Amino acid sequence: FGVTAFIKINAALNENPYMGTTSEGIKIVSDGEKWTYAQPSDQAYWPVNGELLDFYAYSPYGNKAITTKAFATTGLTLDYTVPAEEADQVDLMYAVATNQTKPSDKNSVTMSFKHALTQVHFAIGTSATNLFVDVEENGIQIHNLKNTGTFASSTETWTLNPDVALTEYTVTSPAIEEAGYKVENDAQTFTPIGSADKALMLLPQTLTANTENVGTGNYLTINCKIYQKLADGTKIYLKGSESKYAPVTVGISGEWKRNQKITYNLNIGATAVSYTHLRAHETAANL
């Protein structure tokens, strides 16, 4: 991670960084046992007169999605653009530790990192025991998202750029076959799409569901096959066919907040798709 610190002199903050710069923090790395300076020449020591220090940090260091960094006495700001591919998206984190003096029992400062983005997952199931759905490899796209903004540590909020074109993101996942109606502990459960430890890492924002035949608003495209299975195993296709997937769209809405892991549970019915919006970290959401 990268960290910059400012010294307080006579209760006022010195605008010149005590360590790091106003545009780049000192690089801190792990040696396998403890955190240490990547460049020993960057090493800074506690002020000799007991002055207070304010520390601001972000992780990971060298994150190419951060287009501009600004460290100031008022806090850290990051200009950020979400990468187009899920594989290139990482968990952006930040930390603030103000009014710090050297602890009596150690020569370090404790910094608690927080999540700046929203992590988005998907799962799928059906509403009837004889109804099944197959999802194509990389078969879910989410449309009309804002992907560029500025994060301010002082308020822990994002300001999204209204002048950048809306974009879509694809969920990286293997094909899903015969996802159906499942109940565990008296609750309906859903088949996860994609990996539990890898997900879309997107900007917190408010989603507004689009309406039919309207190109604005937020919606999913699900490339899938929906079918009923008879007792003899015969499949009666409602969407798609044995050899072809078909797109199904569904509008989605809700508020994505910083530090949330959101799972959309897609519930396929014979005539429609509904969802629940489960949030973790702070809450949970369903689709």
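Residues numbered from 1 in each chain as written. Predicted model: local features only at pLDDT ≥ 70, side-chain atom pairs only at ≥ 80, totals over all residues. Heavy atoms only, no water.

Novice: Looking at this structure, how should I read the overall build of the protein chain?
Specialist: Secondary structure assignment for the protein chain yields zero helices and 27 strands. Taken over the C-alpha trace, the protein chain has a radius of gyration of 24 Å; the compact-globule value for 287 residues is 19 Å, which it surpasses by more than 25%. By principal-axis analysis of the C-alpha atoms, the protein chain measures approximately 80 × 40 × 30 Å. Across the 287 residues of the protein chain, 42% fall into the buried class. Of the contacts made within the protein chain by residues no fewer than 6 positions apart, 64% connect residues no fewer than 24 positions apart. (Helix = DSSP H or I, 4+ residues; strand = E, 2+ residues; numbered from the N terminus. Rg over C-alpha atoms; globule rule 2.2 N^0.38 Å. Buried < 20%, exposed > 50% of the residue type's maximum accessible area, 1.4 Å probe, protein only. Contact = heavy atoms within 4.5 Å.)

Novice: Honestly, the sheet that holds strand S7 (residues 75-81) in this entry has me stumped. Any pointers?
Specialist: Paired through backbone hydrogen bonds, the strands of a sheet run either parallel or antiparallel to each other. The strand order across the open sheet formed by four strands is S6-S7-S12-S13, and the pairing between neighbours is antiparallel. What marks the edges here is a single partner per strand, and that holds for strand S6 (66-72) and strand S13 (157-160). Each neighbouring strand pair of the sheet contributes to a mean axis angle of 15°, computed without reference to strand direction. Where S7 meets strand S12 (residues 148-152), five bridges bridge the pair, whose relative direction is antiparallel. Its bridge partner lying in S12, Asp79 is registered against Thr150. (Pairing = 2+ DSSP bridges. Axes fitted to C-alpha atoms, helices over the stretch in contact; angles between N-to-C directions.)

Novice: Hey, could you run me through unusual backbone geometry in this one?
Specialist: What is expected of a backbone is that most residues other than glycine have negative phi and most peptide bonds are trans. Following Ser59, the chain continues to Pro60 via a peptide bond in cis, the omega torsion being 0°. Phi angles above zero are rare outside glycine, and Asn99 is one such case at about 55°. Here Asn99 shows up in strand S8 (residues 93-100).

Novice: Would you mind showing me how to read the packing of aromatic side chains here?
Specialist: To describe a pair of aromatic rings, one takes the distance between the centres and the angle between the planes. In this structure the tally under the stated criterion is twelve aromatic pairs. Taking the centre distance of 5.9 Å and the plane angle of 70° together, the rings of Tyr80 and Trp158 count as edge-to-face. Of this pair, Tyr80 sits in strand S7 while Trp158 is found in strand S13, placing the two residues 78 residues apart along the sequence. For the pair formed by Tyr80 and Trp158, the shared burial category is buried. Ring centres of Phe122 and Tyr264 lie 5.5 Å apart, and the angle between their planes is 20°; this geometry places the pair in the stacked category. You can see Phe122 sitting in strand S10 (residues 118-126) and its partner Tyr264 sitting in strand S25 (residues 260-268), a full 142 residues away along the chain. Each residue in the set Tyr80, Tyr94, Phe151 and Trp158 is aromatic and connected to the rest through ring pairs, giving one cluster. (Phe/Tyr/Trp six-rings, centres within 6.5 Å; stacked < 30°, edge-to-face > 60°.)

Novice: What am I meant to see in the pattern of salt bridges here?
Specialist: Where charged atoms from two side chains of opposite charge approach closely, those side chains can pair. With the rule as written, the count across this model stands at six salt bridges. The partner of Asp54 in a salt bridge is Lys8, with the nearest N and O atoms 3.7 Å apart. Remark: Lys8 occurs in strand S1 (residues 2-9) and Asp54 occurs in strand S5 (residues 52-59); sequence separation between them is 46 residues. Like Asp54, the residue Lys8 is buried in the burial classification. With its nearest N and O atoms 2.8 Å apart, the salt bridge here joins Glu156 to Lys114. In this pair, Glu156 is assigned in the loop between S12 and S13 and Lys114 in strand S9 (residues 114-115), connecting sequence segments 42 residues apart. Several salt bridges converge on common partners, so that one network encompasses Glu178, Lys229 and Lys235. (Salt bridge = Lys/Arg side-chain N within 4 Å of Asp/Glu carboxyl O.)

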